[in-house]
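Architecture and fold: a report
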Amino acid sequence: GALVTGGACAFQAFSLFVKATEVPAAAQCSAGGEGVRWRCCRLAFAELSGIHRHVALQHAGDIGQQAGLADAGQQAGLTAEQAAAEANASSGPAAAGNAGGLNGQCPDISGTLPDTSHLSYDDLTSKVGEVLLYYCYCEVKDPEKLCAWQKSLCQHLHLTGKVRVASEGINGTVGGSKVATNLYIEVMLSQPLFKDILSQEDFKSSAGGAHCFPDLRVGVFKEIVPMGIDPKIVSYKETGIHLSPQEFHREVEQYLSQASQGQSDTILLDCRNFYESKIGHFQGCLAPDIRKFSYFPSYVDENLELFKDKRVLMYCTGGIRCERGSAYLRSKAACREVYQLKGGIHKYLEEFPDGFYRGKLFVFDDRYAICSNEDIISACRYCGTLWDQYKLCSSQHCRQLVLTCPSCRKKGLTACCPVCQEKELKVTSRASGQTLKEECECTRRRPRVPIEDVLQRMLDTGK
């Protein structure tokens, strides 16, 4: 298998080390909780793959000494890491792809993980934690290696979430205990690749934890935010002018004042998806009725006349979509000026919780939304009562979100529309393994790229 370097001697040393930390079956419960099978460095592990990764990353030198190999530390590091890569391949999330190694060889990442020996298992796995949102645009020469390190780092700190790595940078949203997320930030800021680019304020945090995500998914992609345009064609280096939350607040205040008098030459543009802006947005914004960010370029193309000679104030959740979105808008040479909210709505709400943004802030995890004010600006899909807490459509073939209040849910109105409600009844009679296309009343009535009515847009400005 994976233990090819060093032969049987290294394999035996690795096995003996793992065996030495095993918790006897009779003592497993008292040793540290249900399911705990190994303990090492004051950490508890339930799966063999977990202890393999830990040994590979923290005890490579010990294995080498036991195996009696020449140049023990270096060679044992390779054998242990190969074992970890094999464990990752069999148990890790599919989205990680080849994150466990680079062309069959795992990069040397053993020296870049934080020391957690002084921390307890409870410190690292406490449910009282937070969710971090961040991104960093920079040139990454070896995305596979960064991906492998990032995956190991998150596993080491018991973080869950999603991390996208590309040649243009990294984009992540991860959850875990406060101790774990603090360590994560500390390590990220000390990583030479991000030196002088990533800062403490680039990490947006909100209450949550590892339980906010079903698993950990780390992978290499072409873009760190899926706009569908090659980064070489529209680069983050051609972005709009960044405004601090204070500057953006002043701009929005001026825009609303002028718009109320019908004198504004500015467009306040929400570049998120419709279901995000539906439950929360800036007053007087233009919120495109698009379902995916990859539709945004087409939306701009079809509505160029709307942006002609305008000043555009753009915003999104954490700022990353504005980086590429503003660059695309600028590439069309239609707008007079393009500005964007630095740090996104997240950072704005930290300073102006009762500012011009009203309603909830949609987040891409199991919480769906976080709030900073008491406003509810959306309504139940069925009865129209004020409601802004999303649930997934109850029809299994459908992945749409639906706003249905507790009263309507008790009546069985749990699908996104009547068509889905009906399909749910039929799906059980389908042959095993057969799937239904995700299409219903909701998707059919929403054009992929909506065309804005400029006149109506101007009449609605400021409302």
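An unreviewed UniProt entry lists the chain under the name Thiosulfate sulfurtransferase/rhodanese-like domain-containing protein 2, with Calonectris borealis as the source organism.

**Details of the pairing of strand 3 (residues 129-137)**
Among the nine residues in strand 3, eight count as buried, and that is most of the element. Where strand 3 meets strand 5 (residues 169-177), nine bridges bridge the pair, whose relative direction is antiparallel. Residue pairing for strand 5: Tyr135 is matched across the bridge by Asn171.

**What to know about the sheet that holds strand 5**
With mixed pairing, the five strands of this open sheet are ordered in space as 6-3-5-4-7. Edge positions in the sheet fall to strand 6 (204-208) and strand 7 (216-220), since each of these pairs with one other strand and no more. Direction aside, neighbouring strands of the sheet carry axes that sit 10° apart on average. Against the sheet, helix 8 (residues 178-190) makes contact with strand 3 and strand 5, and its axis sits at roughly 15° relative to strand 3, the strand it touches most. Where helix 13 (residues 320-331) meets the sheet, its contacts fall on strand 3 and strand 5, and the angle it forms with strand 3 comes to roughly 25°.

**Remarks on the sheet that holds strand 11 (residues 311-315)**
Note on sheets: strands pair through backbone hydrogen bonds, and any given pair is parallel or antiparallel. The strand order 8-12-11-9 describes an open sheet built from four strands, whose pairing is parallel. At either end of the open sheet lies a strand with only one pairing partner, and these are strand 8 (241-243) and strand 9 (266-270). With strand direction ignored, the average angle separating the axes of adjacent strands in the sheet is 25°. Examined bridge by bridge, strand 9 and strand 11 share five bridges and lie parallel to one another. Of the residues in strand 11, the one forming a bridge with Leu269 is Met314.

**Examining the packing of helix 7 (residues 143-156) against helix 8**
Orientation of helix 7 relative to helix 8, taken along the N-to-C sense of each, is 155°, at an axis distance of 11 Å. Relative to helix 8, the element helix 7 lies roughly antiparallel. Here helix 7 and helix 8 pass one another in a crossing that is right-handed. Seen from helix 7, the contacting residues are Trp149, Gln150, Leu153 and Cys154; seen from helix 8, they are Tyr184, Val187 and Met188. Partitioning the contact of helix 7 with helix 8 into residue classes produces six nonpolar, one polar and no charged.

**Description of the nonpolar core**
Core analysis: the biggest nonpolar cluster contains 32 residues, and Leu269, Phe296, Phe307, Met314 and Leu329 have the highest contact counts within it. Going through the elements one at a time, strand 3, strand 9, helix 11 (296-302), helix 12 (304-307), strand 11 and helix 13 are the ones with two or more residues in this core. It is helix 13 that provides the largest number of residues to this core, a total of five residues. Those residues in contact with Leu269, other than ones at most four positions away along the chain, are Leu286, Pro288, Phe296, Phe307, Val312, Leu313, Met314, Tyr315 and Leu329. In this structure, Leu132, Trp149, Leu159 and Val174 belong to the second largest nonpolar core, which totals 30 residues.

**Brief notes about the environment of Thr125**
Examined against the element boundaries, Thr125 turns out to sit in helix 6 (residues 121-125). Of the residues examined, Thr125 reaches a relative accessible area of 28% and is grouped as partly exposed. Excluding its chain neighbours within four sequence positions, the residues that come into contact with Thr125 are His158 and Ser177. At 2.7 Å, the side chain of Thr125 forms a polar contact with the backbone oxygen of Tyr121.

**Observations regarding the packing of helix 9 (residues 245-259) against helix 14 (residues 344-351)**
One can describe the packing of helix 9 onto helix 14 by two numbers: an axis separation of 9 Å at closest approach and a directional angle of 85°. Put simply, helix 9 runs roughly perpendicular to helix 14. From helix 9, Pro245, Gln246 and His249 reach across to helix 14, where they touch Lys347, Tyr348 and Glu351. Taken together, the residues that form the contact of helix 9 with helix 14 break down as two nonpolar, two polar and two charged.

How each quantity is defined
- Residues numbered from 1 in each chain as written.
- Predicted model: local features only at pLDDT ≥ 70, side-chain atom pairs only at ≥ 80, totals over all residues.
- Heavy atoms only, no water.
- Buried < 20%, exposed > 50% of the residue type's maximum accessible area, 1.4 Å probe, protein only.
- Helix = DSSP H or I, 4+ residues; strand = E, 2+ residues; numbered from the N terminus.
- Pairing = 2+ DSSP bridges.
- Axes fitted to C-alpha atoms, helices over the stretch in contact; angles between N-to-C directions.
- Contact = heavy atoms within 4.5 Å.
- Parallel < 35°, antiparallel > 145°, perpendicular 65-115°, else oblique.
- Left-handed = near helix turned anticlockwise from the far one by under 90°.
- Nonpolar A, V, L, I, M, F, W, Y, C, P; charged D, E, K, R; others polar.
- Core = buried A, V, L, I, M, F, W, Y, C linked by side-chain atoms within 4.5 Å.
- Polar contact = N/O pair within 3.5 Å; in protein donor to acceptor, adjacent residues only side chain to side chain.

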